[in-house]
Amino acid sequence: MDHGQDTEEGIESLHLQIEDPTVFKPQSSIATENFTSNVNPDPPSGPTAHAPEKKLTLFALRLAVLEKTATGLGTLGFIWATVVLLGGFAVTLSVTDFWSITIILLIEGTRIFSRSHELEWQQHQATHVIADVGIYSFRTIISSSQVMIQTAKARCFRPVNAARKQSPQSTRQVNKSLHLEKSRRKWDRKKKLTRTWETSDVPIFNFSQWAFQAKNVSKVLFWLQLGSATACTVLSLMKLIERNYGEVEKGDTDKRNRKAALIIFYSLALAEAVLFLLEKAYWEWKVICCKVLEEVNEECELGPSGMVSVTRFFYDAYSRCVNGSIFDGLKTDIVSFAMELLASNSLDEQLIGIRVLHKFAMNERFSNDTLQKIGTTLPVVERLVEMLNWIDPEKEEIRRSAAEILSKLAGKDQNALRVSGIPGAMESISSLLLNHRTLPGADEIPEKNIIHDNESYSFWDFNHLGLLILKKLARDHGNCGKIGNTRGLLRKIIDFTHAGERLLKDENVMLSKIKTVKRSLQVLKMLASTTGNTGKQLRHEISEIVFTISNIRDILKYGEKQRELQKMGIEILTSLAIDLDATERIGGTGGVLKELFNIFFNDGMPGNQNDARIAAGEALAMLAFESKSNCCRILKFNAIEKLIKALEVPFLCINAARILKNLCIYVGEDCSLQLRGVIIAAPIVLRAIMSEEDKLQEVMVGLAVDIFKFMSSEELSIMYKRARIQEAELAKALVQILKKYQKPSIKTPRIRRFIIELAIWMMRHNETNVQLFKDLGMRKEMESIIETTSELENFNVFSGAIGMSQHSTTIHSLVETAMKLLE
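Everything numeric here is computed off the predicted structure, so don't read it as measured data. (Residues numbered from 1 in each chain as written. Predicted model: local features only at pLDDT ≥ 70, side-chain atom pairs only at ≥ 80, totals over all residues. Heavy atoms only, no water.)

## Details of the overall build of the protein
The secondary structure content of the protein amounts to 39 helices and two strands. Evaluated residue by residue, the protein yields a buried proportion of 53% over its 823 residues. Intrachain contacts of the protein at a sequence separation of at least 6 include 76% that bridge at least 24 residues. Total accessible area on the protein is roughly 37600 Å²; 54% of this is exposed by carbon and sulfur atoms. (Helix = DSSP H or I, 4+ residues; strand = E, 2+ residues; numbered from the N terminus. Buried < 20%, exposed > 50% of the residue type's maximum accessible area, 1.4 Å probe, protein only. Contact = heavy atoms within 4.5 Å. Areas by Shrake-Rupley, 256 points an atom, 1.4 Å probe, with all protein chains shown as cover.)

This is the structure:
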């Protein structure tokens, strides 16, 4: 799998915009549920994928039937021989029968005695591919040892690092710095202390090199079992054919019973041996000829290493059938089996379990069922979260697989809540975000010593996965608060937004590095756009980190080839600007406003990249809102003429109007002369009021109120002529708009307020307009507005459904003022 590939799903972001309220989605409550590893989740709503492993459970069931039948017959024969024959007829038995019975019993005793010891030897070879020693039948393990020997070669041992066999100097480059050499020496020292070895080469006795190795002992016992079964078959068959049990005299009841007892015993021994050979033949046919293990592994798409998992699963299912009900094995599946292995203390068993879960979670065919089963089993989710903290390089694969599974799991809303609800989950995810630029801290020293000193450790993959998990968790409002409350996590996220000039301009830059910056910006954008008090706190904390704004500034300055990154950076600034302190920090950071204007006025940008220009306009409008200092900074760029020209550009006109309006409102008297040039925009504004609709009409009406304040009567008349409209036509248009909006609109929450403000200014500026508005029915519209006013119309900005920055004058007061003028 390509860990750099972005597996993100569609994310519906919450935007904080001027005048545009967004509906806040309530948090989903986390239901308290008790989960156990053997509780089956509800079936998925979609189509259920076929379970290939059921072939193995059915195979195990059939083998278990043969095994239990053979074991029962063998036990009965053993009891019959010891109690009836050797106990009751020991003196009267012939020499041939006595020794035949003894040999058969010795063979059966050997099987029972060696049942546990053979599996222990097999475990040394297969490295826990087989389950616990006491639960397997010795006969069946012997009959399957050939396949176990083959699969043991393909299993994954814990690698013995070549550095253990080489001197530290042989693995160190001569031209490295002294600091790197010291760190490598420390790492080599740690590796030398690791207590591990190749388990397949461990001899039973110190002096043996071949004969007493576990894998060879297993072979010997296998052929011993096969030979013993064959011997039992031949011996029993010979005695049943010959029936040479001695002459039975008339009336000799003891001899007659002895003959019947011997026939029963030899029949039981023959039946038991034949069943064992039949079981062995069935095994050979299914495994060697039909290759059922390889077939299931291929259908499950587990890859080359999957043979170990499939073989281990089969023995697990078989042991359930043998030791419990023969139908117990049918109740298990490979996902539940893998989840059980995660709880093991054995690294090899953990590796088998995590590989199976990872393959199934990433497979489109099995993903939904697998993720549902994992998500509804809380102990498994907790174990996966715990594995994120396993920074030992030997557990790198387990850690990466756990992170990838959690990244898929977090894509579902309910599962995301379960993951974030685990105590310490955010801290575990934070441990994935190790960056070479991260400032040293007390909580990071162990991670640096273990991981950064090992050059082969791919911590970049973990960075991508950590950011991906956070991005998916951040879709929930409550999770955003948890991310913000996790110590050091915000700083790590912001640190990944760093992208210098070389990274942004280089055409040959690694895509993984750009992907890391992109994901960090996505997470930061979602956190900054959080609504309510949680969002307010997050925006304050984000803006307080000194690298936030400067990192975004670099992206704006050097990111001409990375417009998507620019757009996300701009949107973060827009969200942060909701906080007044953050607004001042952004405006006070050198170059930010300049770069925003450069993007906003960039006519040479391709049409498919206009989203970045629109976003830059929104950011500038928000930064100018209620900020006198930022408005003065904007005036220094001499941008008034360009903003007026932007009023005629369809996709820029709304934000250009907002910026001009904020400049007119919040610039002090010392800069008011520079704003007189805004009156040139009056004809454009008047035409837009008469012809446009919805949001554009709203912002133009609002801008007209502030532009007219800079104009004398003569200038106003000239502007009416340039716009080719009459003042009466404007008044009529305003009344018609009020009739259209009988109730407050979410899309245009302030249009009625702006119309009333403009009407008041027109009536005060020209008394003849009072009668004009009376004749047009303005009074009736005012009375209708009083009955339909809403708090929605009293705020400038909205964070979700929460209003922010309340107007100094309520809409009720404006209506009363207009009513008095109409009297």
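## Focus on the packing of aromatic side chains
Geometry of an aromatic ring pair is reported as the spacing of the ring centres plus the angle between the planes. Applying the stated rule across the entire model yields 14 aromatic pairs. Measuring from centroid to centroid gives 5.5 Å for F313 and F337, while their planes differ by 65°, and the two rings are edge-to-face. Taken as a pair, F313 in helix 9 (residues 306–323) and F337 in helix 10 (residues 334–342) lie far apart in primary sequence, 24 residues in all. A relative accessible area of 1% means that F337 is categorised as buried. A network of ring pairs unites the aromatic residues F59, Y282, W283, W285, F314, Y315 and Y318 as a single cluster. Seen from the ring of F59, K286 lies directly overhead, with NZ or CZ sitting 6.0 Å from the centre. (Phe/Tyr/Trp six-rings, centres within 6.5 Å; stacked < 30°, edge-to-face > 60°. Lys NZ or Arg CZ within 6 Å of the ring centre and 35° of its normal.)

## Focus: the pairing of strand 1 (residues 795–799)
For strand 1, a buried count of five out of five residues is recorded, marking the element as mostly surrounded by other parts of the structure. Inspection of the sheet shows strand 1 paired to strand 2 (residues 802–806) by four bridges, in the antiparallel sense. Note that in strand 2 the partner of V797 across the bridge is M804. (Pairing = 2+ DSSP bridges.)

## What about helix 19 (residues 477–485)?
When we look at burial in helix 19, the residues that qualify are H477, N479, C480, G481, I483 and G484. As for helix 19, its buried residues are in contact with helix 15 (413–421), helix 16 (425–430), helix 18 (459–473), helix 20 (489–495), helix 22 (511–528) and helix 23 (532–544). Capping the start of helix 19 is the job of one residue whose side-chain oxygen sits 3.0 Å from the backbone nitrogen of G478: D476. (Polar contact = N/O pair within 3.5 Å; in protein donor to acceptor, adjacent residues only side chain to side chain.)

## Concerning the pattern of salt bridges
For the structure shown, the criterion picks out 24 salt bridges. Taking the shortest distance from any N to any O, the salt bridge between E715 and R676 comes out at 3.0 Å. Of the two residues, E715 sits in helix 34 (residues 713–723) while R676 sits in the loop between helix 31 (653–666) and helix 32 (682–691), which places them 39 residues apart along the sequence. Within this structure, K55, E295 and E299 form a network of salt bridges that share partners. (Salt bridge = Lys/Arg side-chain N within 4 Å of Asp/Glu carboxyl O.)

## Remarks on the packing of helix 36 (residues 751–765) against helix 38 (residues 778–788)
Orientation of helix 36 relative to helix 38, taken along the N-to-C sense of each, is 145°, at an axis distance of 12 Å. For the crossing formed where helix 36 meets helix 38, the hand is left-handed. Each of R752, I756 and A759 in helix 36 lies in contact with helix 38, whose residues at this interface are M778, M782, I785 and T788. For the contact of helix 36 with helix 38, the residue count by class is five nonpolar, one polar and one charged. (Axes fitted to C-alpha atoms, helices over the stretch in contact; angles between N-to-C directions. Left-handed = near helix turned anticlockwise from the far one by under 90°. Nonpolar A, V, L, I, M, F, W, Y, C, P; charged D, E, K, R; others polar.)

## Examining the environment of P744
With respect to the helices and strands, P744 occurs in the loop between helix 35 (727–740) and helix 36. Exposure remark for P744: the relative accessible area of 24% places this residue in the partly exposed category. For the pair P744 and T788, spaced 44 residues apart in the sequence, the C-alpha separation amounts to 7.4 Å. Once residues lying within four places of it in the same chain are set aside, the contact partners of P744 are R752, T788, S790, L792 and E793.

## Quick notes on the UniProt feature "transmembrane region" (unreviewed entry) in the protein
UniProt's feature table lists "transmembrane region" (unreviewed entry) at residues 78–107 and 260–278, given in the numbering used throughout. End-to-end, the C-alpha atoms of residues 260–278 are 27 Å apart, and along that stretch the chain is 100% helix and 0% strand. (UniProt positions renumbered as here; feature names shortened; annotations may be inferred.)

## Quick notes on the packing of helix 10 against helix 12 (residues 367–375)
Geometry of a packed helix pair, given as the angle between the helix axes and the separation of the axes. Contact geometry of helix 10 with helix 12 gives a least axis separation of 11 Å together with a crossing angle of 40°. Taken as axis vectors, helix 10 and helix 12 run oblique relative to one another. By crossing handedness, the relation of helix 10 to helix 12 is classed as right-handed. Residues V335, S336 and M339 of helix 10 form the contact with helix 12, whose own contacting residues are T370, K373 and I374. (Parallel < 35°, antiparallel > 145°, perpendicular 65-115°, else oblique.)

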